[in-house]
Amino acid sequence: MFKKILIANRGEIALRILRACRELGIKTVAVHSEVDARALHVRFADEAVCIGPAPSAKSYLHIPAIISAAEITAADAIHPGYGFLSENAEFARLCGKCGITFIGPTPEAMRAWGDKVTARANAARFGIPLLAGSEVLEDGAHALREATRVGFPVILKASGGGGGRGMRIVRAPEELDAAFASAKHEAETGFKNPDVYLEKYVERPRHIEFQVLADHHGGIWTLGERECSLQRRHQKVMEEAPSPAMTAEKRQAMAEVIRHAMKETNYTSLGTLEFIMDEKGDLSFLEVNTRVQVEHTVTEMVTGLDLVALQIRVAAGEKLDLPDTRPWSFRGHAIECRINAEDPVTFAPWPGLITEYSPPGGAGVRVDSGVYGGWRVPPNYDSLLAKLIVHAPTRADAILRMRRALDEFIVGGIRTNIDLHKRLLADEEVIAGKMTTHTIERMLHGKPAH
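Treat the numbers as computed from the prediction; the structure is a model and nothing was measured.

1. Re the overall build of the protein
Next up, step 1: Within the protein one finds 15 helices and 20 strands.
Next up, step 2: Computed over the C-alpha atoms, the radius of gyration of the protein is 21 Å, within 12% of the 22 Å expected from 2.2 N^0.38 for a compact globule of 450 residues.
Next up, step 3: Dimensions of the protein along its principal axes, counting C-alpha atoms only, are 60 × 50 × 45 Å.
Next up, step 4: Burial status across the protein gives 59% buried among its 450 residues.

2. A few points about the pattern of salt bridges
Next up, step 1: In this structure the tally under the stated criterion is 33 salt bridges.
Next up, step 2: Linking Glu429 and Arg204 is a salt bridge whose minimum nitrogen-to-oxygen distance equals 3.5 Å. Remark: Arg204 occurs in the loop between strand 8 (196-200) and strand 9 (206-214) and Glu429 occurs in helix 14 (residues 428-431); sequence separation between them is 225 residues.
Next up, step 3: Glu429 sits in the buried class, given a relative accessible area of 3%.
Next up, step 4: By relative accessible area, which is 28% here, Arg204 ends up partly exposed.
Next up, step 5: Between Arg395 and Glu240 there is a salt bridge, and its shortest N-O distance comes to 2.6 Å. Of this pair, Arg395 sits in helix 12 (residues 395-408) while Glu240 sits in strand 11 (residues 235-241), placing them 155 residues apart in sequence.
Next up, step 6: Taking the relative accessible area as the measure of exposure, Glu240 reaches 4% and is therefore buried.
Next up, step 7: When salt bridges with common partners are traced through the structure, they connect Glu209, Arg226, Lys236, Glu239, Glu274, Glu295 and Arg338 into a single cluster.

3. What to know about the sheet that holds strand 7 (residues 168-170)
Next up, step 1: The 3 strands are arranged 7-6-8 in an open sheet whose pairing can be described as antiparallel. Across the chains shown, the open sheet's two edge strands, defined by having one partner strand only, are strand 7 and strand 8. Strand-to-strand twist across the sheet, computed as the mean angle between neighbouring axes with direction ignored, equals 30°.
Next up, step 2: One ladder, built from 5 bridges, connects strand 6 (residues 154-158) with strand 8; its direction is antiparallel. The residue of strand 8 that forms the bridge with Leu156 is Leu198.

4. Let's talk about empty space enclosed by the protein
Next up, step 1: Evaluation of the coordinates by the stated rule reveals 1 cavity of 30 Å³ or more.
Next up, step 2: Empty space within the largest cavity amounts to approximately 30 Å³.
Next up, step 3: Glu227, Ser229, Leu230, Met238, Glu239, Glu240 and Met435 are the residues that line the largest cavity.
Next up, step 4: Split by residue class, the lining of the largest cavity holds 3 nonpolar, 1 polar and 3 charged.

5. Quick look at helix 4 (residues 89-97)
Next up, step 1: Among the residues making up helix 4, those that are buried are Ala89, Phe91, Ala92 and Cys95. Seen end-on, helix 4 carries its buried residues on one side only, within an arc spanning 160°.
Next up, step 2: Buried residues belonging to helix 4 abut helix 3 (63-72), strand 4 (77-79), strand 5 (101-102) and helix 5 (107-114).
Next up, step 3: Put simply, Asn88 is the residue that caps the front of helix 4, since its side-chain oxygen is 3.0 Å from the backbone nitrogen of Glu90.
Next up, step 4: Phi turns positive one or two residues past the end of helix 4, at Gly99, with a value near 75°.

6. Considering the nonpolar core
Next up, step 1: Grouped together as the largest cluster of nonpolar side chains are 40 residues, with contacts concentrated most on Ile354, Leu385 and Leu424.
Next up, step 2: Elements with a contribution of two residues or more to this core: helix 2 (40-44), strand 11, strand 14 (333-340), strand 19 (384-392), helix 12, helix 13 (418-424) and helix 15 (439-444).
Next up, step 3: Setting aside chain neighbours within four positions, we find Ile354 in contact with Val371, Tyr372, Gly373, Gly374, Trp375, Val377, Leu385, Val411, Gly412 and Ile414.
Next up, step 4: By size, the runner-up hydrophobic cluster in this structure holds 34 residues, among which are Ile13, Ala14, Ile312 and Ala315.

7. Here's the deal with the packing of aromatic side chains
Next up, step 1: A complete count under the given rule lists 8 aromatic pairs for this structure.
Next up, step 2: Seen from their ring centres, Tyr60 and Tyr381 are 5.6 Å apart, and the 80° between their planes marks the pair as edge-to-face. Here Tyr381 lies in the loop between strand 18 (376-377) and strand 19 and Tyr60 lies in the loop between strand 3 (47-52) and helix 3, a separation of 321 residues in the sequence.
Next up, step 3: Judged by its relative accessible area of 0%, Tyr60 falls in the buried class.
Next up, step 4: Here a set of aromatic residues connected by ring pairs shows up, and it is made of Trp113, Phe210, Phe275 and Phe285.
Next up, step 5: In this structure, Arg43 is placed above the aromatic ring of Tyr372, and the distance from its NZ or CZ to the ring centre is 5.2 Å.

8. Thoughts on the environment of Ile418
Next up, step 1: The residue Ile418 is located in helix 13 in this model.
Next up, step 2: For Ile418, a relative accessible area of 7% translates into the label buried.
Next up, step 3: Along the chain, Ile418 and Glu336 lie 82 residues apart, while their C-alpha atoms are 12 Å from each other.
Next up, step 4: Every residue in contact with Ile418, bar those within four places of it in the chain, is listed here: Ile339, Leu406, Phe409 and Val411.

9. Section: the packing of helix 7 (residues 140-150) against helix 8 (residues 176-191)
Next up, step 1: With their axes 10 Å apart at the nearest point, helix 7 and helix 8 run at an angle of 115° to one another. Remark: the crossing between helix 7 and helix 8 carries right-handed chirality. When helix 7 is examined against helix 8, the residues Gly140, Ala143, Leu144 and Ala147 are found in contact with a partner set consisting of Leu176, Asp177 and Phe180.
Next up, step 2: Of the residues in the contact of helix 7 with helix 8, the class split is 5 nonpolar, 1 polar and 1 charged.

10. Describing the state of the cysteines
Next up, step 1: This structure, assessed with the given rule, holds 0 disulfides.
Next up, step 2: Summary of cysteine pairing: Cys95 is not part of a disulfide, and the nearest cysteine sulfur, belonging to Cys98, is at 7.2 Å.
Next up, step 3: Taking the relative accessible area as the measure of exposure, Cys95 reaches 0% and is therefore buried.
Next up, step 4: Of all cysteine sulfurs in the structure, the one in Cys228 sits closest to Cys337, which takes part in no disulfide; the separation is 13 Å.

11. Section: the pairing of strand 19
It is a general feature of regular strands that their side chains alternate between the two faces of the sheet.
Next up, step 1: The buried count for strand 19 comes to 9 of 9 residues, which makes it a mostly enclosed element.
Next up, step 2: By the bridge criterion, 8 bridges tie strand 14 to strand 19 in an arrangement that is antiparallel. Within strand 19, the residue paired with Ala334 across the bridge is His391.
Next up, step 3: In this structure, strand 17 (residues 365-369) lies alongside strand 19, joined through 5 bridges in antiparallel fashion. When the sheet's bridge partners are listed, Ser369 is paired in strand 19 with Ala386.

The rules behind each value
Residues numbered from 1 in each chain as written. Predicted model: local features only at pLDDT ≥ 70, side-chain atom pairs only at ≥ 80, totals over all residues. Heavy atoms only, no water. Helix = DSSP H or I, 4+ residues; strand = E, 2+ residues; numbered from the N terminus. Rg over C-alpha atoms; globule rule 2.2 N^0.38 Å. Buried < 20%, exposed > 50% of the residue type's maximum accessible area, 1.4 Å probe, protein only. Salt bridge = Lys/Arg side-chain N within 4 Å of Asp/Glu carboxyl O. Pairing = 2+ DSSP bridges. Axes fitted to C-alpha atoms, helices over the stretch in contact; angles between N-to-C directions. 1 Å grid on protein atoms, 1.4 Å probe; cavity = no way out; pocket = protein on both sides within 12 Å on 5 of 7 lines; lining within 4 Å. Points joined across faces, edges and corners; volume = space filled by probe spheres on them. Nonpolar A, V, L, I, M, F, W, Y, C, P; charged D, E, K, R; others polar. Arc of directions from axis to C-beta. Contact = heavy atoms within 4.5 Å. Polar contact = N/O pair within 3.5 Å; in protein donor to acceptor, adjacent residues only side chain to side chain. Core = buried A, V, L, I, M, F, W, Y, C linked by side-chain atoms within 4.5 Å. Phe/Tyr/Trp six-rings, centres within 6.5 Å; stacked < 30°, edge-to-face > 60°. Lys NZ or Arg CZ within 6 Å of the ring centre and 35° of its normal. Left-handed = near helix turned anticlockwise from the far one by under 90°. Disulfide = S-S within 2.5 Å.

Nothing here speaks to function; it is geometry throughout.
Below is the structure:
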């Protein structure tokens, strides 16, 4: 087992990793920007190193500073968390070159699944269902030919991107040229990769993802699915496990095909395969996230596993001793609400001083957070303040528990999206478990449930 792990992240995920390390008896090193000097992950770690000023490019994305911090503190591994450098195959390669273990998949596996066009090709090879789509588009004329073949509407996507950037819905041929140019520009600006491809657009989709875990000894486990349809502008807002749309038969079938694909590509560590579910209930592959997910918590609650600790054990070379369950059996139901510092009307980020902070508690309630009363939320990073997770025997019980927990959550001095979550948990589509990726926009515009 590792003796010391450097956590190359901030906020709640840095604390989440730190806690797993403590329970495994591993020393921790926190890195931080100048503006994060008083952050909780810095205060709780065994050692801390400032790696630069507030902008991410000069701190949390600055590879030489992070590797130098690992070297001067004699850390023998780096955990990247999510975001920042977590899916950067070159960073993983450089860690290995410097004799530092990267806690995640190999650089080769990250490249095989990280690029969306390459991932689509791999999915096709191993029988994972796909939406009709294209390879990388060469120009506007190529885009038009492929869109005509697939059939409108289509969606343009950045090959190297995510989080909704570089995506454009195109419903007619005359819209394609402008959308293609715009998507390429956004892909180049956001990801330094202008490659764009297209897929058939599903009008009222659900977003469902499957958790996988694999060690270096041939062990591969599929740990069920998460419902992630409640999104705003392609950003997840609320997640739950298991999905109310999934059947045991479909879960079993997907588990087998996913295990096969991961085995054939020598994938190790945690990974998440994301899918679109259409109106008929058919699943189509979207992408693979080669890291721990923000919403890993709901899978932990319904499986009883510590996914971050298991991820660390895998990186240390341990053979995992887990039941060979295909797929994993769930216990109860879990829901996660992402509590963000943002204006409840405009959704603009709302940095500032937290004057009061009192998270909820009680049976079946978990709060993963990196903030406290007196902490000033900086304007430089993601607006996530906390993840509120509840667990209960049934989905209906979990909804009631989450409503209660949201009512207890106090954050003073800044604005948050807590009221949005309360509205969602009173919405007919959400209560019925029939949400789609358009539910939030429909609700915000005052339109009735379908």
